[in-house]
Amino acid sequence: MFINRHLTKNFGYFKKLGLKGPKPVIIFGNLLDLLFVSKPDLEVKRMKQFGAIYGIFEGSRPIIQVGDPEIIKQILVEDFRMFNTKVRIANVGHPIVDRMLVAVRGKQWRRMRAAIQPAFTTARTRRHYPLVRQCVDQQLVSVLEGYAREGRPCELKRTFGCFSLSVINRSAFGIATDPYSQPRHPFVRTAWPLIVLPVWKLLALQVLSGRLLKAFGLRSIFNEKTIDNICDNLKGVLKAREHLVANSIDFLGVFMRSKLGPNEPEPNDDIEGENCLEMKAKTFDNNMSDNKKLTEEEILAQGFFIYFTAFDQISNVLSFCVYELALNPDAQHRLYEEIAAAVDADGEIGYDELCRLPLLDAVISETQRLHGGPVKYRRIPGREFPLGQTGIVVPKGQPIEILVYAIHHSEEYFPNACQFIPDRFLPENRRNIKPYTFMPFSAGPRVCVGMAFALMELKLALVHVLRRFRFAVHKDTKVPPIVKTHPVMKAPKTMYLSVEARD
Ligand code: HEM
């Protein structure tokens, strides 16, 4: 009786605030719903049912859910200094996961972001362009040629996963890998187990106390053993390169230089550039912190996060994008025509021209709207926070989640929201999209630091793949696609398509 009262004591919390929400159950709160519906679908369903602001329970912990664009602007931009992010899903900490840029807050975040940002300037992204181009040919086009020649269906997540892994190993750590033929390479075999998260583990992380989790060796949504293996690999690279960091263009080289001292300004490091990728890279004042040094553990944490996110998110977007194009042959044909008209006689395209392909940009945006990465962004106010004009004052420390996936699927902002309609993102229509209803890379000062790099990689891969191959639905293609159980992201499980060479 006493235990029951203790475990349900918070359940009247949202009623007092005047907020609706799904009925919680003892111990699990609203987590059990995830056993029956995928996280993305659950978010869409709940926002339809309870409106743009409501409350849920993770175990007995209340979390406010926000899908109102004005309030989102307030949280992500206007009052961003008042908010901490915290991606920690578990009731326990992890020395590496808690030091990732995406997880830190306050002064620590400012210092670390200032140290990391120089790796992602436009000038650097341009220098990575030829490396990514090479990976497209060696890791993607050649593999797809094999599928087309043999008439076998292509599994997209694996194909694009091998490609995105080869790119990030090269661009982040200066390591050339061939994930298809070297599955046992230390920088290849560690990627796949990292993203496997069984439902029991997800529930345990959120329901068990920190003490119990430590006792069972559970500390993160990532596979703990694999985090150790990746960090051991990275330590090896750091050691081998101790005296060789001066000229390397890879991300690790920049992070290592920041360990030695403040980052020197780089020639042509125009954060505020003119073209579209550059505009998207424009975030905030790079010189906001004088002390830009990173500790070795912080370098490892950034290396780990970038390895994971660039491998997983890029391959997810590419898989969903090609999947949607196979389901929508008209859009695929129009995009092919746009690409064919833009490439030169050798089939090549420069960085600036790549940015000027409106349909390509629109297809990526629409894919991200329909299937985009993180389902919600979590923020925690460092002091009391008035929630827009609602009259609700959120107490200090009360987590708030921004319902990005649910907004992307709202009929109010995106008519026929479940359909793939790239034209809504064409330049002439884009102005109809209400600010803060489309945020696949988040928004405000904590916008994804790798956004320009990610867009360059996505576009370059799509141009050369779609120029050479036609994708179509196969008998093994599942519609709608089967997605993984994941607490943070929407990710495809397996996705088969047939692929045919164009010439
Ligand atoms: C399609 C690919 C990608 C998507 C959709 C994406 C999306 C995001 C989102 C939504 C956030 C903010 C999360 C939050 O505030 O809770 C974020 C942060 C971040 N992303 Fe990305 N990302 C992508 C690729 C990349 C790549 C390729 C890199 C690096 C190579 C990268 C590095 C980062 C970092 C370091 C942060 C933390 C920023 C901060 O907190 O200041 N991302 N990303």
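Note that the coordinates shown come from a computational prediction; the quantities given were computed from them, not determined experimentally.

Draft legend 1. Broad picture of the packing of aromatic side chains. Considering all chains together, one arrives at 17 aromatic pairs under this definition. Where F251 meets F453, the ring centres are 5.3 Å apart and the plane angle is 80°; that geometry is what we call edge-to-face. A residue pair is termed long-range when its members are at least 10 positions apart, and F251 in helix α13 (residues 251–260) and F453 in helix α21 (residues 451–468) qualify at 202 residues. On the basis of relative accessible area, F251 is assigned to the buried category, the value being 2%. Taken together, F11, Y13, F14 and F57 form an aromatic cluster joined through their ring pairs. The aromatic ring of Y180 is capped on one face by R158, whose charged end is 5.0 Å from the ring centroid. The ring of Y336 is capped by R502, whose NZ or CZ atom sits 3.8 Å from the centre of that ring.

Draft legend 2. Just the sheet that holds strand β9 (residues 469–473), in detail. Taken together, the three strands give an open sheet; going across it, the order is β4-β10-β9, and neighbouring strands pair in antiparallel fashion. At either end of the open sheet lies a strand with only one pairing partner, and these are β4 (154–155) and β9. Examined bridge by bridge, β4 and strand β10 (residues 496–501) share two bridges and lie antiparallel to one another. By the bridge assignment for β10, C154 is matched with L497.

Draft legend 3. Molecular detail of the pattern of salt bridges. This model, assessed by the stated rule, comprises 24 salt bridges. Among the salt bridges present, the one from K201 reaches E224, with a minimum N-O distance of 3.1 Å. Of this pair, K201 sits in helix α10 (residues 199–207) while E224 is found in helix α12 (residues 224–240), placing the two residues 23 residues apart along the sequence. E224 matches K201 in its accessibility class, with the two residues each being buried. Through salt bridges that share partners, K39, E43, E58, R61, K376, R378 and E401 make up one connected network.

Calculation notes
Residues numbered from 1 in each chain as written. Predicted model: local features only at pLDDT ≥ 70, side-chain atom pairs only at ≥ 80, totals over all residues. Heavy atoms only, no water. Phe/Tyr/Trp six-rings, centres within 6.5 Å; stacked < 30°, edge-to-face > 60°. Helix = DSSP H or I, 4+ residues; strand = E, 2+ residues; numbered from the N terminus. Buried < 20%, exposed > 50% of the residue type's maximum accessible area, 1.4 Å probe, protein only. Lys NZ or Arg CZ within 6 Å of the ring centre and 35° of its normal. Pairing = 2+ DSSP bridges. Salt bridge = Lys/Arg side-chain N within 4 Å of Asp/Glu carboxyl O.

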